[in-house]
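Report on the structure
If you want the building blocks of each chain, they are given just below.
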Amino acid sequence: MAKAKTAYVCTQCGAEHSKWQGQCAECNEWNVLSEFVVQPAKPNAVATGTRRGGYAGEAAGAPRITPLTEVLLTAEARTNTGIGELDRVLGGGLVDGSVVLIGGDPGIGKSTLLLQMLGTLGATLPSLYVTGEESLGQVAQRAQRLDLPLGPLHALAETCIERILEQASSARPRVLVIDSIQTIWTEMLTAAPGSVSQVRESAAKLTRFAKETGTSVFLVGHVTKEGGIAGPRVLEHMVDAVLYFEGESGSRFRVLRAFKNRFGAVNELGVFAMSEKGLREVPNPSAIFLSAHAGPTPGSAVMVTREGTRPLLVEVQALVDQSSLGNPRRVVLGLEQNRLAMLLAVLHRHGGVAAYDQDVFVNVVGGIRVQETASDVPVLMAVLSSLRDRPLPEKTIAFGEVGLSGEIRPVPNGEERLKEAATHGFRRAVVPAANAPKRGRVGDMEVIGVERLGQAIDASRDA
Ligand code: TYD
Ligand code: MG
């Protein structure tokens, strides 16, 4: 077999160099060259260790063009992990031969979740937990504290990918957990573990292993300050699914969200609560993101957001305060930053309410991240309420998108959102006119349909 070569690739422009140098000769950027392994092209498709069939097309020789009607439709083999909320995020269970990347802040519960999953899988699927961060003792202690059956759990403290794959090839686990990918290194490179090239090359080897043997692989990934998974973006392209674990350090609730999933829907949420006995599922999470105020509070609004396939009631809080800065602060937690600037501009232009001399802080309660535009109306209502220092009418919910010309646009699944709010005892809903039922009521809840920003502002005053 031809020997693998190393090349130095510019992480900015992608130019390839045969030697390391401080500056990229193509784009003139400094310190951007990273070492990569160049695999020699293989004339024959690899068919090593095709324990469960491997890649059908590859093993059967040269690929050929096939009408899709001739493709054998075999449903992908799925196993329930025993943790319903995790299965939901994975798109209905664990797929054989899939590679799943789980990212999240340190201490959020990635290791705990995966260990619990291996514990509940137990003897159904033989597994291997590879730890590069904690000692075997620490892993065993955690498993014991979580009351997991220790018998079926096998762990390996190793960080060299070649040795990990050697062990995995002989132990033949069906599920392999790598905790974490940033600690893993390959003998083929001299770069330090955690560097872009090491992470990429190790992940590539693990992906190949998963596809060739049908083993399901979970990679734990650290998250950078910018919120992405540390390491190259290619990591996200290589794997089948990318899940993020989110939550506030002060709160016990944790949200697992799919950002990419080749086997299911994205933006599906799984909700957990951290307890002394590890992560507990929260199968009915619709109202946990409301904070318990004794009475009506200025600056607080409740929205009905729909993440994945479930409606959630989430409180959004705003604080608007006279700014002493020339450039007032706009700080958002749990929502998109640019969206707030846009909403404030619309509020000024079409609502006649100015906030250019005010600091505006907006926070979504419970550490959850809301990505849909249905949060626009409730965010503006919370801002208005804080600006006026007057609470919104009691037991009010809102949702709806705000357009640049001050129109309120409908959002999907309005009826389902309204029903959920009515079930939780809300009495008043401010929603896009197109989402409001003709009768103006859902159960005991009055529904006010609005078409323009001005109407939404009027509806957020006490009657
Ligand atoms: P961990 O799974 O180690 O996080 P990660 O792998 O994402 O870094 O989670 C550790 C945190 O969870 C730690 O702060 C303690 C807490 N925890 C509990 O509250 N209860 C438990 O049963 C366990 C195992 C951990
Ligand atoms: Mg960990």
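Residues numbered from 1 in each chain as written. Chains lettered and ligands numbered in written order. Predicted model: local features only at pLDDT ≥ 70, side-chain atom pairs only at ≥ 80, totals over all residues. Heavy atoms only, no water.

**Describing unusual backbone geometry**
- The step from Asp 179 to Ser 180 runs through a cis peptide bond, and the omega angle for that step is 5°.
- Residue position: Ser 180 is located in the loop between strand E9 (175–179) and helix H6 (196–213).
- A positive phi angle, near 60°, is found at Asp 147, a position not held by glycine.
- As for its position among the elements, Asp 147 is in the loop between helix H4 (136–145) and strand E8 (155–157).
- Here Arg 172, not a glycine, exhibits a phi torsion of approximately 50°, which is positive.
- Following the sequence through the fold, Arg 172 ends up in the loop between helix H5 (161–171) and E9.
- For Arg 172, a relative accessible area of 47% puts it in the partly exposed group. (Helix = DSSP H or I, 4+ residues; strand = E, 2+ residues; numbered from the N terminus. Buried < 20%, exposed > 50% of the residue type's maximum accessible area, 1.4 Å probe, protein only.)

**What to know about the environment of Arg 163**
- Along the chain, the position of Arg 163 falls in helix H5.
- In the structure, Arg 163 is positioned 270 residues away from Ala 433 in sequence and 62 Å away in space, judged by C-alpha atoms.

**Thoughts on the pattern of salt bridges**
- Tallied over the entire structure, the rule returns 19 salt bridges.
- Across the salt bridge formed by Glu 416 and Arg 306, the nearest N and O atoms sit 3.0 Å from each other. With Glu 416 in helix H10 (residues 414–423) and Arg 306 in strand E15 (residues 300–307), this pair connects stretches of sequence that are 110 residues apart.
- Close ionic contact of Glu 407 with Arg 409 constitutes a salt bridge, the shortest N to O distance being 3.1 Å.
- Among the ionic contacts, a cluster of salt bridges with common partners joins Glu 85, Arg 88, Glu 268 and Arg 310. (Salt bridge = Lys/Arg side-chain N within 4 Å of Asp/Glu carboxyl O.)

**Here's the deal with the packing of helix H3 (residues 110–121) against H4**
- The geometry of H3 relative to H4 is characterised by a closest axis approach of 11 Å and an angle of 70° between their N-to-C directions. What the angle tells us is that H3 and H4 run roughly perpendicular. At the point where H3 passes H4, the crossing takes the right-handed sense. Residues Ser 111, Thr 112 and Leu 115 of H3 pack against Val 139, Arg 142 and Ala 143 of H4.
- Split by residue class, the contact of H3 with H4 holds 3 nonpolar, 2 polar and 1 charged. (Axes fitted to C-alpha atoms, helices over the stretch in contact; angles between N-to-C directions. Parallel < 35°, antiparallel > 145°, perpendicular 65-115°, else oblique. Left-handed = near helix turned anticlockwise from the far one by under 90°. Contact = heavy atoms within 4.5 Å. Nonpolar A, V, L, I, M, F, W, Y, C, P; charged D, E, K, R; others polar.)

**Some points on the site of ligand 1**
- Contacts to ligand 1 come from 16 residues, most closely from Gly 107, Ser 111, Thr 112, Ser 275 and Gly 278.
- Gly 109 places a main-chain nitrogen or oxygen 3.0 Å from an oxygen atom of ligand 1.
- The contact in question runs from a nitrogen atom of ligand 1 to an N or O atom on the backbone of Ser 275, over 2.7 Å.
- Considered on its own, ligand 1 offers 560 Å² of accessible surface; in the complex 73% of this is hidden by protein.
- Of all the secondary-structure elements, those providing two or more residues to the shell around ligand 1 are H3, H4 and strand E13 (269–275).
- In terms of residues, the shell around ligand 1 owes the most to one element, H3, which gives 3 residues.
- Considered class by class, the residues forming the shell around ligand 1 number 4 nonpolar, 6 polar and 6 charged. (Near = heavy atom within 4 Å. Polar contact = N/O pair within 3.5 Å; in protein donor to acceptor, adjacent residues only side chain to side chain. Areas by Shrake-Rupley, 256 points an atom, 1.4 Å probe, with all protein chains shown as cover.)

**Observations concerning the environment of Asn 435**
- Checked against the element boundaries, Asn 435 lands in the loop between strand E22 (428–432) and strand E23 (441–442).
- For the pair formed by Asn 435 and Glu 415, sequence separation is 20 residues and the distance between their alpha carbons is 7.0 Å.
- Leave out the neighbours within four places in its chain, and Asn 435 touches Phe 399, Pro 410, Val 411, Gly 414 and Leu 418.
- Looking at Asn 435, its side chain comes within polar contact range of the main-chain nitrogen of Val 411, at 2.9 Å.

**Things to note about the domain arrangement of the protein chain**
- By the assigned domains, the protein chain splits into domain 1 (1–39), domain 2 (78–283) and domain 3 (288–461).
- Each of domain 1 and domain 2 has a C-alpha centre, and these two points are 30 Å apart.
- Every contact between the two is made by 7 residues of domain 1 and, on the other side, 8 residues of domain 2.
- Carbon and sulfur atoms supply 57% of the area that domain 1 and domain 2 bury against each other, a total of about 680 Å² over both sides.
- Along the contact surface separating domain 1 from domain 2 lie 0 salt bridges.
- Applying the counting rule to domain 1 against domain 2 returns 0 residue pairs in polar contact (both at pLDDT 80 or more). (Domains from an automatic or database assignment. Buried area = accessible area lost by both parts, 1.4 Å probe.)

**Focus: the pairing of strand E6 (residues 99–104)**
- For E6, a buried count of 6 out of 6 residues is recorded, marking the element as mostly surrounded by other parts of the structure.
- Taking every second residue as pointing to the same face, both faces of E6 are buried, with Val 99, Leu 101 and Gly 103 on one and Val 100, Ile 102 and Gly 104 on the other.
- Pairing of E6 with strand E10 (residues 216–222) involves 6 bridges; the strand directions are parallel. For Gly 104, the partnering residue across the bridge sits in E10 and is His 222.
- Two strands pair when backbone bridges link them, and E6 and strand E11 (residues 241–246) are joined in this way by 5 bridges, in the parallel orientation. (Pairing = 2+ DSSP bridges.)

**With respect to the nonpolar core**
- Val 316, Leu 335, Leu 347, Val 362, Ile 368, Val 379 and Val 383 are the most contacted members of the largest nonpolar core, which has 46 residues in total.
- Looking at which element gives the most residues to this core, the answer is helix H9 (residues 376–388), with 7 residues.
- If you count residues domain by domain, this core takes at least three from each of domain 2 (78–283) and domain 3 (288–461).
- Not counting residues within four places of it along the chain, the set of residues in contact with Val 379 comprises Val 316, Leu 335, Leu 340, Leu 343 and Val 362.
- If you look at the next biggest cluster of nonpolar residues, it comprises 32 residues, including Ile 83, Leu 90, Val 177 and Leu 279. (Core = buried A, V, L, I, M, F, W, Y, C linked by side-chain atoms within 4.5 Å.)

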